[in-house]
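# Commentary on secondary and tertiary structure
Below, each chain spelled out in residue letters.
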Amino acid sequence: MMPLSGDAYMSIEKIVEQALQDGYLTPSMEAEVGRICNTASELSIEEYMALDRLMGSLLTGEVVVLPRKQFINVMEELVLSDAIARVAEIEATSDLSLDVGDIAAYALNRLPPLYATTEEGAHFQRARAKEQLHDLISKEVNAAIARNLDRPDTPNPTALGKSSGNEVLSQLSTWLQANATNFEPQP
């Protein structure tokens, strides 16, 4: 969610107003519009009008959608690789079931990011991490696994990206991809 100030969150109308003022729609703004659309049982007339205004401004190029990712965090792939290998070992030798996503997130929150914008930069960051951070990565993944094993089961947690509700966001996204100028093509 996008905080406006303090604990207040932005409405669709405020997001559209901000996008029109700035000239761009950020991935977090887009995500908040999607969250609102997915959780609302019905959108108000004002919300539909704001979405219509946003779509119109995207079509004319008055507002552009910023790309989701022009960079990668190499630490994510290194931690995931280590976590998957360790979880596979544990699950193969026991009846335990571990959540790789929880383990990776816990470890990543305790490790420095290694961002890169090019393949060469990513290669450099990987080499640097293997040389200087391998032990720290292993230590944090092991701590994350221990924490995951000690954690009580949460009944029916809602994973990120798996929200239920209507298909408004999906339809809006498909429409934007088909019609908006400067929209980042999906790979």
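Structure: see above.
Residues numbered from 1 in each chain as written. Predicted model: local features only at pLDDT ≥ 70, side-chain atom pairs only at ≥ 80, totals over all residues. Heavy atoms only, no water.

### So, the overall build of the protein chain
To keep it simple, the criterion reads: In DSSP terms, a helix is any run of H or I states spanning at least four residues, a strand is any run of E spanning at least two, and both are numbered starting from the N terminus. Residue exposure (1.4 Å probe, protein chains only): buried if accessible area is under 20% of the type maximum, exposed if over 50%, otherwise partly exposed. Note on definitions: a residue-residue contact is assigned when non-hydrogen atoms from the two residues lie within 4.5 Å. Residue burial considers only the protein chains on display, and all accessible areas are found by Shrake-Rupley using a 1.4 Å probe.
When its secondary structure is counted, the protein chain shows eight helices and six strands. In sequence order, the protein chain lays out its α and β elements as β-β-α-β-α-α-β-β-α-α-β-α-α-α. Here the protein chain holds 187 residues, and the buried ones make up 32% of them. In the protein chain, once contacts between residues fewer than 6 apart in sequence are set aside, the share between residues at least 24 apart is 74%. Carbon and sulfur atoms form 53% of the exposed surface of the protein chain, whose accessible area is close to 12,100 Å².

### Quick notes on the environment of leucine 149
Structurally, the position occupied by leucine 149 is in helix 7 (residues 134–150). Taking the C-alpha atoms as reference, leucine 149 lies 7.4 Å from leucine 98; in sequence the two are 51 residues apart. When residues no more than four places from it in sequence are discounted, the contact partners of leucine 149 are Leu96 and Leu98.

### Quick look at the packing of helix 1 (residues 12–22) against helix 2 (residues 27–39)
Operational definition: With axes taken as lines fitted to C-alpha atoms, and helix axes fitted only over the stretch in contact, angles between N-to-C directions fall between 0 and 180 degrees. Any angle between 65 and 115 degrees counts as roughly perpendicular, while under 35 counts as roughly parallel, over 145 as roughly antiparallel, and the rest as oblique. What makes a crossing left-handed is the near helix being turned counterclockwise from the far one by less than a right angle; a clockwise turn instead makes it right-handed. Nonpolar residues are Ala, Val, Leu, Ile, Met, Phe, Trp, Tyr, Cys and Pro. Charged residues are Asp, Glu, Lys and Arg, and all others, Gly as well, are polar.
Remark: helix 1 packs on helix 2, axes separated minimally by 10 Å, with the N-to-C direction vectors making an angle of 160°. What the angle tells us is that helix 1 and helix 2 run roughly antiparallel. In terms of crossing hand, the pair formed by helix 1 and helix 2 is left-handed. Between helix 1 and helix 2, the residues in contact are Ile12, Ile15, Gln18 and Ala19 and Met29, Glu32, Val33, Ile36 and Cys37, respectively. Class assignment for the residues of the contact of helix 1 with helix 2 results in seven nonpolar, one polar and one charged.

### Regarding the packing of aromatic side chains
The geometry of an aromatic ring pair is captured by the separation of the ring centres together with the interplanar angle, meaning the angle of the planes. The condition is simple: The criterion for an aromatic pair is that two Phe, Tyr or Trp rings (for Trp, the six-membered ring) have centres within 6.5 Å, with stacked assigned to planes under 30 degrees apart, edge-to-face to planes over 60 apart and tilted to the rest. Lysine NZ or arginine CZ positioned within 6 Å of the ring centre and within 35 degrees of the ring normal marks a charge as sitting over the ring.
Within this structure, the stated rule accounts for one aromatic pair. On the numbers, 5.5 Å between centres and 80° between planes, the contact of phenylalanine 71 with tyrosine 115 is edge-to-face. One end of the pair, phenylalanine 71, is in the loop between strand 4 (64–65) and strand 5 (72–73); the other, tyrosine 115, is in strand 6 (residues 115–116), and 44 residues separate them in sequence. When the ring centre of tyrosine 106 is taken as origin, the NZ or CZ atom of arginine 110, which lies over that ring, is 3.5 Å away.

### A word on the pattern of salt bridges
Opposite charge on two side chains makes pairing possible when the charged atoms of those side chains draw close. For the record, the criterion: For this document, the term salt bridge refers to a Lys or Arg side-chain nitrogen within 4 Å of an Asp or Glu carboxyl oxygen.
Tallied over the entire structure, the rule returns four salt bridges. A salt bridge links glutamate 89 to arginine 86; the nearest nitrogen and oxygen atoms lie 3.0 Å apart. Here arginine 86 and glutamate 89 lie together in helix 4 (residues 74–93), a separation of three residues that amounts to about one turn.

### Overview of helix 6 (residues 119–132)
Note the cut-off: A helix's residues, less one, multiplied by 1.5 Å, set its expected span. Of all possible arcs, the one meant is that of the directions from the helix axis to the C-beta atoms.
In a regular helix each residue adds 1.5 Å, so 14 residues correspond to 20 Å; helix 6 covers 20 Å between its end C-alpha atoms and thus fits that length. Residues of helix 6 that are buried: Ala122, Gln125 and Ala129. Viewed end-on, helix 6 has its buried residues packed into an arc of 65°, placing them on one side of the element. Of the residues in helix 6, the exposed ones pointing more than 90 degrees away from the buried face are Glu120, His123, Phe124, Lys130 and Glu131. For helix 6, the secondary structure elements touched by its buried residues are strand 5, helix 4, strand 6 and helix 7.

From the geometry alone we can't say anything about function, so treat these as descriptive.
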